[in-house]
Amino acid sequence: MSDHYRSLCYSGPKDRHALPGEVATLWAKTGPDGQWHSLAAHMMDAVQMARGLWDEWLAPATRCWLAAPFADDEAGRAFFAWLAGCHDLGKASPAFQVQVSH
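Source: prediction; values computed, not measured. (Residues numbered from 1 in each chain as written. Predicted model: local features only at pLDDT ≥ 70, side-chain atom pairs only at ≥ 80, totals over all residues. Heavy atoms only, no water.)

(A) Representation of the overall build of the protein within the structure. Across its full length, the protein holds 5 helices and 2 strands. Helices and strands in the protein line up, N terminus first, as α-β-β-α-α-α-α. By the burial criterion, 31% of the 102 residues in the protein qualify as buried. Once local pairs closer than 6 in sequence are excluded, the contacts in the protein between residues at least 24 apart make up 48%. Working note: accessible area of the protein is about 6700 Å², and carbon and sulfur atoms make up 63% of it. (Helix = DSSP H or I, 4+ residues; strand = E, 2+ residues; numbered from the N terminus. Buried < 20%, exposed > 50% of the residue type's maximum accessible area, 1.4 Å probe, protein only. Contact = heavy atoms within 4.5 Å. Areas by Shrake-Rupley, 256 points an atom, 1.4 Å probe, with all protein chains shown as cover.)

(B) Fine view of the packing of aromatic side chains. For the structure on display, the rule yields 4 aromatic pairs. The interplanar angle of 15° and the centroid separation of 4.9 Å between the aromatic rings of W27 and F96 together place this pair among those described as stacked. You can see W27 sitting in strand β1 (residues 27-30) and its partner F96 sitting in helix α5 (residues 94-97), a full 69 residues away along the chain. Residues W27 and F96 agree in their burial class; the two are buried. A network of ring pairs unites the aromatic residues F70, F79 and W82 as a single cluster. (Phe/Tyr/Trp six-rings, centres within 6.5 Å; stacked < 30°, edge-to-face > 60°.)

(C) Inspection of the pattern of salt bridges at higher detail. As enumerated under the stated definition, the model contains 3 salt bridges in all. A salt bridge links R77 to D55, with the nearest nitrogen and oxygen atoms 2.9 Å apart. Residue R77 is located in helix α4 (residues 73-86), and its partner D55 is located in helix α2 (residues 39-56); the two are separated by 22 residues in the primary sequence. Between D88 and K91 there is a salt bridge, with the nearest N and O atoms lying 3.3 Å from each other. Owing to a relative accessible area of 17%, D88 belongs among the buried residues under this scheme. Taken together, the shared-partner salt bridges connect D55, E74 and R77 into one network. (Salt bridge = Lys/Arg side-chain N within 4 Å of Asp/Glu carboxyl O.)

Have a look at this one:
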């Protein structure tokens, strides 16, 4: 993974101008203040939230159950975070994207 993409994954870009190419044009939501939030930033927000939930909120038995198909707890945590990050991937579709003018 390049340093640029690694920094996106760990810093969670907050505006579309920090994203490469066409990824920056994908919209996820608009906040109450009218601020535009990119799909990539929204997905990374979800990843970070899932990591926090895994670490601080999920019961040990639930973490164990979710991690059971994987080699270890860390792999289960990574998969849980990945799933959370992908939850709105459908927003990349033309049917969703036509709801906002860029």
